[in-house]
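Residue-level listing of the chains:
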Amino acid sequence: MGGIIVIGAQWGDEGKGKVVDVFSAEADYVIRYQGGANAGHTLTVDGKKTILHLIPSGILHPHTTCIIGSGVVLDVETLHEEITTLQKSGFLQRPEQLLISDGATVLLPYHRALDQAREEKRGLSKIGTTGKGIGPAYEDRASRKALLFGDLFHHDSLEAKLEASLQEKNFLLEHFYQKPPFSAKELTEKIKHLSEQLAPYRCKNTSQVIYKALSAKKKVLFEGAQGSLLDLLHGTYPYVTSSSTIAGSACVGSGIGPTSIEKVIGITKAYTTRVGAGPFPTELKNDPIGEWLLNKGHEYGSTTGRQRRCGWLDLVALRYAIRINGITHLALMKLDVLSGLEQLKICTAYELDGKTITDYPVTPGALERAKTIYKEMPGWKEDISYIRSAKELPKNCLNYVQTIASELGTPIDVISVGPGREQTLWIRPLF
Ligand code: IMP
């Protein structure tokens, strides 16, 4: 069969990590193709939590080969820490389990410093970035100043490359942001050491590995990071990340053609969250239900620890995500968090400038003016986290799920009722 893309259909943190981890039990390959250590994919196995920022969520399954493609901005220090932590916990015991593309963009401490200095200077008009250097690293790639992963193994030319890259950045850091500069010499030493540690994972042609796997009908999963509404071109600009987060990016970032893709699975929570600034029509700000979702859903960022903003499920936004990603199936996550709420609301349309609309508005400033139109539904009291089959869900809960699927015209294949692998209800098999 062709490849399967798993992407976030909201503003990130939808639970992609758990879905990919569960799907990986059957997958041969899992590929990360965009974003960087701004992602935080939380996996819970036998009650033990693992948070991955760069390494694909398939890594907890020893038979799965994980690939980091050229579209990723690779923070080599974080990557090294992540590898070490996984190895100490008994995972990633064979280097063949992880292949890193020679073409991935290297993210270094000066990218992080620039990201943080910029945010500080923006003051109240902050984007609310994760401070992980994502924007500056992608800028380097676009302006053709980036160091690629394959460059790290040419020690003779490293210092000169870093010096060339640092000229402009040190000028900005010192004279515009009043921050300390970086020394090319010190960084070179650090990188040489890191490159020795990372050498076993180096892969000169990941695109070819993926192509061969697909040609041999292997089970290949593409793991998106962040969410569709954070997409650089199609998200809530400028409150977005610096990569393309939609399904098309899987092809670009891993170097395969679109005809190799068979399914696109959109992951959505049963409600909505967002971290950082930007419009969020269904937000429950200063509202007891917003607090409920925050506390019961443990809605704190796994990368930055920041509180996530919480709100009702937004079908207008989801319809847009389904369209721009070509989502064929949905996974509905954290349904258990809604148990106990008397009344539930789903946003089915917006009112914009006196008109009712069901298409997500993309004109700058429009989403900020949009007012929500809700459908109300009765909630359910029962704790559903122990349920293991969708048929056993309480009537009102099933009604909530079916309403979402029929309003969106897209089947829900998977329902998640808790963080554990076993708390996953399959309506249809993945492969
Ligand atoms: P950046 O990706 O660090 O530049 O941050 C840009 C925006 O994307 C900010 O609003 C972040 O909070 C948001 N963001 C980045 N990565 C994630 C993620 O993995 N989950 C949720 N939001 C994210």
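Residues numbered from 1 in each chain as written. Predicted model: local features only at pLDDT ≥ 70, side-chain atom pairs only at ≥ 80, totals over all residues. Heavy atoms only, no water.

Draft legend 1. Expanded view of a nonpolar patch on the surface. Together, Leu232, Leu233 and Tyr237 make up an exposed nonpolar region whose accessible area comes to about 360 Å². In this fold, leucine 232 is placed in the loop between β10 (220-227) and α8 (248-254). You can call leucine 232 partly exposed: its relative accessible area is 33%. (Patch = residues over 30% accessible without salt bridge, like charges linked within 9 Å, V, L, I, M, F, W, Y side chains within 5 Å. Areas by Shrake-Rupley, 256 points an atom, 1.4 Å probe, with all protein chains shown as cover. Salt bridge = Lys/Arg side-chain N within 4 Å of Asp/Glu carboxyl O. Helix = DSSP H or I, 4+ residues; strand = E, 2+ residues; numbered from the N terminus. Buried < 20%, exposed > 50% of the residue type's maximum accessible area, 1.4 Å probe, protein only.)

Draft legend 2. Looking closely at the packing of helix α10 (residues 315-325) against helix α12 (residues 395-408). In the contact formed by α10 and α12, the axes pass within 10 Å of each other and the chain directions differ by 55°. One way to sum up the angle between α10 and α12 is to call them oblique. In the crossing of α10 with α12, the sense of the turn from one axis to the other is right-handed. Where α10 abuts α12, its residues Leu315, Leu318, Arg319 and Ile322 lie against Ile404, Glu407 and Leu408. Its residues assigned to classes, the contact of α10 with α12 comprises five nonpolar, no polar and two charged. (Axes fitted to C-alpha atoms, helices over the stretch in contact; angles between N-to-C directions. Parallel < 35°, antiparallel > 145°, perpendicular 65-115°, else oblique. Left-handed = near helix turned anticlockwise from the far one by under 90°. Contact = heavy atoms within 4.5 Å. Nonpolar A, V, L, I, M, F, W, Y, C, P; charged D, E, K, R; others polar.)

Draft legend 3. Structural context of the domain arrangement of the chain. When cut into domains, the chain gives domain 1 (3-102 + 201-264), domain 2 (106-198) and domain 3 (268-426). Distance between the C-alpha centres of domain 1 and domain 2: 23 Å. Taken together, the contacts link 27 residues of domain 1 with 23 residues of domain 2. Of the roughly 2100 Å² buried at the junction of domain 1 and domain 2 (both faces included), carbon and sulfur atoms supply 64%. By the criterion of area lost to domain 2, the three top residues of domain 1 are Val73, Val76 and Glu77, representing 28% of everything that side buries. Viewed at the interface, domain 2 and domain 1 are joined by three salt bridges. In this structure, the salt-bridge partner of arginine 112 is aspartate 75, at a minimum N-O distance of 3.0 Å. Here domain 1 is connected to domain 2 by nine residue pairs in polar contact (both at pLDDT 80 or more). In terms of residue count, helix α2 (residues 76-88) provides more of the side of domain 1 that touches domain 2 than any other element does, five residues in total. Residue composition of the side of domain 1 that touches domain 2, by class: twelve nonpolar, eleven polar and four charged. (Domains from an automatic or database assignment. Buried area = accessible area lost by both parts, 1.4 Å probe. Polar contact = N/O pair within 3.5 Å; in protein donor to acceptor, adjacent residues only side chain to side chain.)

Draft legend 4. Summary view of the site of the ligand. Residues in contact with the ligand amount to 16 residues; listed here are only the nearest, Asp13, Asn38, Thr130, Thr241 and Arg306. Glutamine 226 is positioned such that a nitrogen or oxygen atom in its side chain is 3.4 Å from a nitrogen atom of the ligand. Threonine 241 has a polar side-chain atom sitting 2.6 Å from an oxygen atom of the ligand. For the ligand, whose accessible area on its own is 470 Å², the fraction buried by protein is 96%. A per-class count over the shell around the ligand returns six nonpolar, eight polar and two charged. (Near = heavy atom within 4 Å.)

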